[in-house]
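What the coordinates show
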Amino acid sequence: MAIYNIKNKGSGKYLNITGDYLTSLTNNQNVMQWDGSYTPEQTWVIDSIVTSSTGSGVPIKSHVNQNFSLNIYRTTKNADVYPIASNGGGDGHVYFEPVSGVTNGYRIVTKSDFSTTKHYLSLESNSTANNINVCWAPYNGTNYQVWVLEPMKYMKVNANLHYVRIASSETGVRYTNAAKRTPTDSNYFNAGFFGYYSSGTLPAGNLVADFNTSEISADNKNDLVGWGCSFANDKVYKGCNNGGGYTNTSTFYIDSSHEAYIAQTSSVNSTWEYAISGAPIMVNGVAATSSDIQDQGWDLSWTYNTWHGCLAVTTNSSTGADEFYYLAIKTTTNSFITTEVCNTLNNLGLGIQNAIMLDGGGSFIFKYSGTPRAETMENRQINNIMYF
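The rules behind the values
Residues numbered from 1 in each chain as written. Predicted model: local features only at pLDDT ≥ 70, side-chain atom pairs only at ≥ 80, totals over all residues. Heavy atoms only, no water. Phe/Tyr/Trp six-rings, centres within 6.5 Å; stacked < 30°, edge-to-face > 60°. Helix = DSSP H or I, 4+ residues; strand = E, 2+ residues; numbered from the N terminus. Buried < 20%, exposed > 50% of the residue type's maximum accessible area, 1.4 Å probe, protein only. Lys NZ or Arg CZ within 6 Å of the ring centre and 35° of its normal. Polar contact = N/O pair within 3.5 Å; in protein donor to acceptor, adjacent residues only side chain to side chain. Contact = heavy atoms within 4.5 Å. Core = buried A, V, L, I, M, F, W, Y, C linked by side-chain atoms within 4.5 Å.

**Section: the packing of aromatic side chains**
Ring pairs (aromatic) are described by centroid distance and by the angle formed between their planes. Counting across every chain of the model gives 21 aromatic pairs. Pairing Y38 with Y154 gives two aromatic rings, centres 4.9 Å apart and planes at 50°, and the pair type is tilted. Here Y154 lies in strand β13 (residues 154–158) and Y38 lies in the loop between β3 (29–34) and β4 (44–46), a separation of 116 residues in the sequence. Look at Y246 and W298: their rings are 4.8 Å apart centre to centre, the planes differ by 55°, and that puts the pair in the tilted class. Placement of the pair is Y246 in the loop between β21 (235–238) and β22 (249–254) and W298 in the loop between α2 (290–295) and β27 (307–313), with a sequence separation of 52 residues. In terms of burial, Y246 and W298 fall into one category: buried. Three or more aromatic residues joined by ring pairs form one cluster here, namely Y38, Y154, F189, Y326, F366, Y368 and F388. In this structure, R174 is placed above the aromatic ring of Y387, and the distance from its NZ or CZ to the ring centre is 4.6 Å. Positioned over the ring face of F231 is K221, at 4.8 Å from the centre of the ring.

In structure tokens:
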């Protein structure tokens, strides 16, 4: 199974179910093209890319409800979504004809038996405008019948919730000690908690991060040394057992095999590529309590309704993962620790087992594909970021 956003080669627009931030579907809900929004209505699930015209083909399922698939409405040849179990004659199944010279590009053919002529996923009019209806039509030889399958990495679930799937081998943590909008990376978010000191900021908990001496003041580096940090191989290392009042903190780390973990530890390993601590939210599938958080040395001053970042994995604390999730969550209650956030994580259906909360509030920023997707107004000085 893979999750995709499906883009029309001719128009550059995306296959989109009518609606905004959909959480449910109705029979024959219309499908059209729209600007890329990274929202649920533009997210599709395909179990396998079947290129053979023989056999039953596969459904293109909606991520909103995988019991619904892309469908042909026989009387009008319109494209809509309809329950897979109720589709007869292959109306909800397709196969894919690869298009030479177009990476992940296909013509998508309906398996419906309504006609002996092959019908392809098409646009009612060959246009780059939004809200052009999607339909099924005989071959016309244009790029408006070519669809590019883009593996889904980012979703804006609603105005208060975003998440990103990140490969463990394609990310890093960087020490910045700079205003949160200073980094020029196309994809990044503020990461670990910190405290202010005379030279700027000092990290809380465990940290393994890229460190560029030319960009960090000598005073701040001296303060880091006094804070228990060490330096090697262009990285800064800080274990929570070296001062700061933290004990055995929940820590996200990436090991030398590019595997991501979230586990409790009081120190960092010199073989780790990166590490960042955060307050525990979920531990091996169980919601953390206020006592669990405070026992690690975290206070609860950050648990107010604002934007927060969260790192999560679908594995237990002793098993590595080749990808992980970052979630940007705008909470609505002050007592969200064991209720709102854990419910949100569970309701996404991602199978999350371990999660930590990163710094939020005035420190918060989340930038994807060069655009801030969520941020608070302040341009506060922060300690570190995670880039991807």
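**Let's talk about the side chain of N384**
As for its placement among the helices and strands, N384 is situated in strand β32 (residues 381–387). Its relative accessible area of 1% is what places N384 among the buried residues. Engagement of the side chain of N384 in a polar contact is seen with the backbone nitrogen of G192, the distance being 2.7 Å. Side chain to side chain, N384 and N383 meet in a polar contact 2.8 Å long.

**Quick notes on helix α3 (residues 340–347)**
Here α3 has its buried residues at E340, V341, C342, T344 and L345. Looking at the buried residues of α3, the elements they touch are β14 (161–167), β25 (279–283), β26 (286–287), β27, β28 (323–330) and β29 (354–360). Where α3 terminates, the next one or two residues include G349, which has phi positive at roughly 70°.

**Description of the nonpolar core**
F189, F252, I276, L311, Y326, F366 and M386 are the most contacted members of the largest nonpolar core, which has 41 residues in total. Judged by nonpolar contacts, the second largest core, of 33 residues, contains Y4, L15, Y120 and I132.

**Topic: unusual backbone geometry**
It is generally the case that most residues other than glycine have a negative phi and that most peptide bonds are trans. In this structure, K77 is a non-glycine residue whose phi angle is positive, near 60°. As for its placement among the helices and strands, K77 is situated in the loop between β6 (68–73) and β7 (78–83). Owing to a relative accessible area of 32%, K77 belongs among the partly exposed residues under this scheme. Here the phi dihedral of N177 falls at roughly 50°; this positive angle occurs in a residue that is not glycine.

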